[in-house]
Each structure stands twice: as structure tokens, then as C-alpha cells.
Amino acid sequence: MKNKYGWILIGLLFIFEGIFSFLGYKIFLKFSGWINITNYGSLYLIIIGLCLVIYGYKKQEKQEIFSKCPNCKEVFNYNELTNGKCKNCKEIDTINIEEYFKKYPTELQDKNE
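About the cut-offs
- Residues numbered from 1 in each chain as written.
- Predicted model: local features only at pLDDT ≥ 70, side-chain atom pairs only at ≥ 80, totals over all residues.
- Heavy atoms only, no water.
- Helix = DSSP H or I, 4+ residues; strand = E, 2+ residues; numbered from the N terminus.
- Expected span 1.5 Å × (residues − 1).
- Contact = heavy atoms within 4.5 Å.
- Polar contact = N/O pair within 3.5 Å; in protein donor to acceptor, adjacent residues only side chain to side chain.
- Salt bridge = Lys/Arg side-chain N within 4 Å of Asp/Glu carboxyl O.
- Buried < 20%, exposed > 50% of the residue type's maximum accessible area, 1.4 Å probe, protein only.
- Pairing = 2+ DSSP bridges.
- Axes fitted to C-alpha atoms, helices over the stretch in contact; angles between N-to-C directions.
- Parallel < 35°, antiparallel > 145°, perpendicular 65-115°, else oblique.
- Left-handed = near helix turned anticlockwise from the far one by under 90°.

Enquirer: How do you make sense of helix H1 (residues 4-22) when you look at a structure like this?
Expert: An α-helical turn contains 3.6 residues, so a residue and the one three or four places further along point in the same direction. Relative to the 27 Å expected for 19 residues at 1.5 Å per residue, H1 spans 27 Å between its end C-alpha atoms, a close match to the ideal helical length. Where H1 is buried, its residues contact strand S1 (27-29) and helix H2 (39-58). Backbone nitrogen of Tyr 5 and a side-chain oxygen of the N-cap are separated by 3.1 Å at the start of H1; the cap is Asn 3. Looking one or two residues past H1, Gly 24 carries a phi angle of roughly 105 degrees, positive in sign.

If you want it as C-alpha cells, here you go:
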């Protein structure tokens, strides 16, 4: 799952299932139907839920960073470059896309026209 909030939601569902089963309610499992779980089973559900919530909270979402070559004007995802060098020019360092348009503002104006 890519989204950290998905992990948190699944963890909260496990916690609620564990609490409800601990209180004596039946929980639904796809292949078994409605079942009662022992107190240890509900404790395991709560622990698994807490682990999933903590994992989702600490999970870092990958942010795509784009960079542009000042020589060939090609845009790349920074993660696919080797040491920030342009794939086409090989020796030229690419520039972060935001910094690039600050350095070359006329190119941004040319694109808008």
C-alpha cells in the first residue's frame, strides 16, 4: 500500500475488532463467518492494530523530485538519475526544476506563449 493513511485505517480497524471481541461481540471473518475470539485473540488483534498504526504514522511517502538538464532541456525524475547527471549528456549536472526556472525565467515565459 502506498498511502500511509491506508495503513493507519487498517490498524484502527484491527484495534476496534480487538476491542469489540474482547467485550464479547462476534467478529466476521470471510471464510468462517461470525465467530467469537478468546481474550488472547483479541489482545493479538489490538497489538497488530497498534503495530500497523505506528508503521503508517512513521512511513515516509516518496516525493517525486524533478530535475532538468540545462544543456538538452530534458526533464527527468531525480530518482532515475545517477549522481544527478543527465542521461543524454552524461557529464552535465541536472538542476532541480524549481531552481531551474528561477535561474532561467525566460524559458518559462517561452513555454507559456
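This is not the end of the story, as more comes after the structure.
Enquirer: Hey, could you run me through the pattern of salt bridges in this one?
Expert: Opposite charge on two side chains permits pairing when their charged atoms draw close. On inspection of all chains with the given rule, the structure shows 1 salt bridge. For Lys 85, the salt bridge is made with Asp 93, and the minimal N-O distance between the two is 2.8 Å. On the basis of relative accessibility, which here comes to 29%, the residue Lys 85 falls in the partly exposed class. The class for Asp 93 is partly exposed, based on a relative accessible area of 43%.

Enquirer: I would appreciate a short explanation of the sheet that holds strand S3 (residues 66-68) in the present structure.
Expert: Each strand in a sheet pairs with its neighbour through backbone hydrogen bonds, running either in the same direction (parallel) or in the opposite one (antiparallel). Pairing within the open sheet is antiparallel, and its 3 strands lie in the order S4-S3-S5. If you trace the sheet from one side to the other, it starts and ends with strand S4 (75-77) and strand S5 (95-96), each paired once. In the sheet, S3 pairs with S4 via 3 bridges, with the strands oriented antiparallel. For Phe 66, the partnering residue across the bridge sits in S4 and is Asn 77.

Enquirer: What is the right way to look at the packing of H1 against H2 in this model?
Expert: When two helices pack together, their arrangement is captured by the angle between the axes and the distance separating the axes. As a packed pair, H1 and H2 sit with axes 7 Å apart at the nearest point and diverge in direction by 160 degrees. The angle between the axes of H1 and H2 places the two elements in the roughly antiparallel class. Our pair here, H1 against H2, has a crossing hand that is left-handed.

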